[in-house]
Amino acid sequence: MEAQKIAVDAVVALTNCDRNAVVAFIRQLYLAGVTDPKRLTFKGLQALTRA
């Protein structure tokens, strides 16, 4: 769970996006088995640039 928190904080700090949207997306990744904070952050940033 700490990995999820780190990733959410990083993505919000870098993009200034809606925290709830970032939490929802990263939670999906985390529950799918991605537990590395760097990977969660990278995937989160990728998704937000596409949206």
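Located above this text is the structure these notes cover.
Now for a quick tour of the structure. (Residues numbered from 1 in each chain as written. Predicted model: local features only at pLDDT ≥ 70, side-chain atom pairs only at ≥ 80, totals over all residues. Heavy atoms only, no water.)

## Comments concerning the overall build of the chain
Thought 1: Each helix and strand in the chain was counted, giving three helices and zero strands.
Thought 2: Each helix (α) and strand (β) of the chain, taken in turn from the N terminus, gives the series α-α-α.
Thought 3: The C-alpha atoms of the chain give a radius of gyration of 9 Å, which matches the 10 Å a tight globule of 51 residues would have.
Thought 4: For the chain, the spread of C-alpha atoms along the principal axes amounts to about 25 × 20 × 15 Å.
Thought 5: Looking at the chain residue by residue over its 51 residues, the buried ones come to 29%.
Thought 6: Sequence-distant contacts, at least 24 apart, represent 50% of the contacts inside the chain between residues at least 6 apart. (Helix = DSSP H or I, 4+ residues; strand = E, 2+ residues; numbered from the N terminus. Rg over C-alpha atoms; globule rule 2.2 N^0.38 Å. Buried < 20%, exposed > 50% of the residue type's maximum accessible area, 1.4 Å probe, protein only. Contact = heavy atoms within 4.5 Å.)

## Observations concerning helix α3 (residues 37-50)
Thought 1: Over its 14 residues, α3 extends 20 Å from the first C-alpha to the last, a length consistent with the 20 Å expected when each residue adds 1.5 Å.
Thought 2: Here α3 has its buried residues at Leu40, Thr41, Gly44 and Ala47. For α3, the arc enclosing every buried residue in end-on projection is 130°, short of the 170-degree limit, so these residues lie on one face. Turned more than 90 degrees away from the buried face of α3 sit Lys38, Thr49 and Arg50, all of them exposed.
Thought 3: Buried residues in α3 make contact with α1 (2-15) and α2 (19-31). (Expected span 1.5 Å × (residues − 1). Arc of directions from axis to C-beta.)

## Details of the environment of Ala47
Thought 1: Along the polypeptide, Ala47 turns up in helix α3.
Thought 2: Residue classification places Ala47 among the buried residues on the basis of a relative accessible area of 19%.
Thought 3: It is 9.9 Å that separates the C-alpha atoms of Ala47 and Ile26, two residues lying 21 residues apart in sequence.

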